[in-house]
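Chain by chain, the residues run as shown.
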Amino acid sequence: MSLIKCPSCQKQISDKVIMCPHCDYSFNQTKEELDRVKVINYRKYRDKMYRFKMLTYTAIAIAVAGLVPMLWAYAQAIDYGFNASITNHWGIYLVMTGFALYVVIRILMVSSKKKYKSSK
Ligand SMILES: [Zn+2]
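Residues numbered from 1 in each chain as written. Predicted model: local features only at pLDDT ≥ 70, side-chain atom pairs only at ≥ 80, totals over all residues.

A. Broad picture of helix 2 (residues 91–119). Helix length check: helix 2 (29 residues) gives 42 Å between terminal C-alpha atoms against 42 Å at 1.5 Å per residue, within 8%. Every buried residue of helix 2 is listed here: Gly91, Leu94 and Gly98. At its buried positions, helix 2 is contacted by helix 1 (31–79). (Helix = DSSP H or I, 4+ residues; strand = E, 2+ residues; numbered from the N terminus. Expected span 1.5 Å × (residues − 1). Buried ≥ 20, exposed ≤ 12 C-beta atoms within 10 Å, placed from the backbone. Contact = placed C-beta atoms within 7 Å.)

B. Representation of the packing of helix 1 against helix 2 in the model. Interhelical geometry of helix 1 versus helix 2 gives an angle of 165 degrees and a closest axis separation of 7 Å. When the axis of helix 1 is compared with that of helix 2, the two are roughly antiparallel. Along this stretch, helix 1 crosses helix 2, giving a crossing that reads as left-handed. The class makeup of the residues in the contact of helix 1 with helix 2 is 23 nonpolar, 8 polar and 1 charged. (Axes fitted to C-alpha atoms, helices over the stretch in contact; angles between N-to-C directions. Parallel < 35°, antiparallel > 145°, perpendicular 65-115°, else oblique. Left-handed = near helix turned anticlockwise from the far one by under 90°. Nonpolar A, V, L, I, M, F, W, Y, C, P; charged D, E, K, R; others polar.)

C. Structural view of the confidence of the model for the protein. Averaged over every residue, the pLDDT of the protein is 87; residues scoring 70 or more account for 93%. Summarising per-element confidence for the protein, the mean pLDDT is lowest in strand 1 (residues 3–5) (88) and highest in helix 2 (93). (pLDDT = per-residue confidence, 0-100.)

Structure below.
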């Protein structure tokens, strides 16, 4: 048994029930209706994944926005013969933020993927 969302009231219900206990939506449905629910669920999942992907790119962009000036400053410091420390640059905070964001998004993506697979 797995939980699905009622197509009518969006509450979580068992996929075995014939009628939604919350809104009396009938599940005594045709195959067509069943497919429609699946399509709706799939679209929701796809949209969610798309948003996650966009967030991933944002995280990478943040990291790169920190990394580029950091490396630039480092390269210049070497040119001028300074004893440069790369971790002293403000860019490191952006790199760390972007990286942390990236990791969090990946974890969320994996868990939504699992959730979607188990709801099928
Ligand atoms: Zn319902």
